Amino acid sequence: MSGGWGKSTAAAELPSVAEALALVHARVAALPPESIALAAALGLVLGEDVQADIDAPPFAKSLVDGYAVRSRDVADSGQVLRVGESIAAGQVPSRALAAGEAAVIMTGAAVPDQADAIVMHERTRVVAGGIEINDAKLKPGQNILPRGREAHAGDVVLARGCVLTPARLGVAASFGRTELRAIRRPKVAIAPTGDELVPPTQIPGPGQIRDSSSTTLAALAAQAGAVAETLGIVADDPGALRAAFAKGLESDLLVISGGVSAGKHDLVPETLEALGVACVFHKVRIKPGKPIWFGVKPRTDGRTPALVFGLPGNPVGSLVGFLVFVRAAIDGLLGRGRDRGRPLPVRLARDFAHKGDRPTYHPATLQEDALEPVAAAVDWAGSADLSRAAAADGFLLFEAGDRLYKAGEIVGFLPMR
Ligand code: AMP
Ligand code: MG
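Residues numbered from 1 in each chain as written. Chains lettered and ligands numbered in written order. Predicted model: local features only at pLDDT ≥ 70, side-chain atom pairs only at ≥ 80, totals over all residues. Heavy atoms only, no water.

Engineer: An account of the domain arrangement of the chain is requested, with residue identities and associated values reported.
Structural biologist: When cut into domains, the chain gives domain 1 (11-31 + 184-333), domain 2 (35-55 + 160-183), domain 3 (61-145) and domain 4 (344-415). Once you take the C-alpha centre of each, domain 2 and domain 3 turn out to be 37 Å apart. (Domains from an automatic or database assignment.)

If you want it as structure tokens, here you go:
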């Protein structure tokens, strides 16, 4: 299916972003769940129903500091009750409350039998022979969280498929769990290719540039919830590419930068296909990032297929390709919904003249203090200009076709976080 698209370069014949994303979604399946410690599970998708092992709360507890009373003893304000025992959090009452009696009780302490309301300290006054209650609105049940009000033993308190937020991890802990079955983080291998690349530790010689993309792509992978492994700079040499890609194919997802365009040294697509990775698409109607390559290699060991993205070498092209396509694939592997890459509506701060036959992602800053989000395009030299793009908060999305976008118009914005 990709043959026709892959060989054509006329923008109108390339798959749109939406079509290419649909091809990605169709080939990505969630990884199987495994047992994961709570501390490592933030943001993962739960792979089991979690049941309460005990009632929560396990006893009727006071929600305030005050006095436990029998509401029928306090029919009128100004009633005086004698003060019995004092119950702190962690203690249990020694006996039921007697008629005409109040017990001092702290927040979180177990409510004595026969007591059916807690009167806050602020509504009481110490008088001769006990305390006087001044709580005109006193009602049975007030300031008490009954046993099992949150959940009863056996209730499902976290449903399979939910994303594990900090609060949900706390719920798991409150029902005695230290581990949960959750979809694990995908392993993402990163392979920067190019004879001109040197590591950041070196001063580039004539014609050389530093490899920045390994760093950006590894950080993007980590930000998306994956575990990134950088394979090191790979030369534009068939043997070197083959060896690096074979190693990268052991991961759930291989992200390559460079070598996917039409140049003589762009050997990535043919090397991948020789390794058994079937091309799904090559080139998408998008700017920057048009040469993007996506393929899949089935495995024989029952694991989900290896997914491979070849991103263009230009740093902003690979950044946009990652945010739009690779993150969607990581979301799919994580079993998450598909909403993280969807552009948000924002207003344009200034007029912007867009030219081009492809939908264009243009770096822009977001004014967060505005009443509604307002974005301003940054002055940018194109897909090789990482420094200016890095000053932005994300990308404004302009549709194909030359047009003057007016200040105040609503435009899509893809956040870069
Ligand atoms: P390519 O897609 O291989 O033709 O590369 C396009 C441009 O991106 C060239 O100017 C490369 O030098 C540059 N480039 C490729 N890989 C990287 C990288 N890892 N870091 C920074 N720039 C790169
Ligand atoms: Mg190259």
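Here the narrative resumes, following the displayed structure.
Engineer: Lay out the site of ligand 1 with the relevant residues and their values.
Structural biologist: Taken together, 17 residues lie around ligand 1, and E196, D211, G259, G313 and N314 are the ones closest in. When ligand 1 sits alone it has 490 Å² of accessible area, and the protein chains cover 78% of it. Taken together, the residues of the shell around ligand 1 break down into 5 nonpolar, 9 polar and 3 charged. (Near = heavy atom within 4 Å. Areas by Shrake-Rupley, 256 points an atom, 1.4 Å probe, with all protein chains shown as cover. Nonpolar A, V, L, I, M, F, W, Y, C, P; charged D, E, K, R; others polar.)

Engineer: Before we move on, could you go through the pattern of salt bridges and cite the residues and values that matter?
Structural biologist: Scanning all chains against the criterion turns up 16 salt bridges. Its salt-bridge partner being R358, residue D357 comes within 3.9 Å of it at the nearest N-O pair. Through salt bridges with shared partners, a single network forms among E34, R184, D252 and R303. (Salt bridge = Lys/Arg side-chain N within 4 Å of Asp/Glu carboxyl O.)

Engineer: Any chance you could break down the packing of aromatic side chains for me, citing the residues and the numbers?
Structural biologist: Under the definition given, this model contains 5 aromatic pairs. Considering the side-chain rings of F352 and F398, the 4.4 Å spacing of their centres and the 5 degrees angle between planes classify their relative orientation as stacked. Of this pair, F352 sits in strand β22 (residues 352-354) while F398 sits in strand β25 (residues 394-398); the two residues are 46 residues apart in sequence, bridging distant segments of the chain. One aromatic cluster in this structure is built from F281, F294, F309 and F325. Geometry around Y405 places R403 over its ring, the cationic atom sitting 4.0 Å from the centre. (Phe/Tyr/Trp six-rings, centres within 6.5 Å; stacked < 30°, edge-to-face > 60°. Helix = DSSP H or I, 4+ residues; strand = E, 2+ residues; numbered from the N terminus. Lys NZ or Arg CZ within 6 Å of the ring centre and 35° of its normal.)

Engineer: Requested: an account of the packing of helix α2 (residues 17-27) against helix α7 (residues 315-333), with residues and values cited.
Structural biologist: Viewed as axis vectors pointing N to C, α2 and α7 meet at an angle of 25 degrees, and their least axial separation amounts to 10 Å. Put simply, α2 runs roughly parallel to α7. Handedness of the α2/α7 crossing: right-handed. Residues V17, A20, L21, V24 and H25 of α2 pack against V324, F325, A328 and A329 of α7. Of the residues that constitute the contact of α2 with α7, the class distribution is 8 nonpolar, 1 polar and no charged. (Axes fitted to C-alpha atoms, helices over the stretch in contact; angles between N-to-C directions. Parallel < 35°, antiparallel > 145°, perpendicular 65-115°, else oblique. Left-handed = near helix turned anticlockwise from the far one by under 90°. Contact = heavy atoms within 4.5 Å.)

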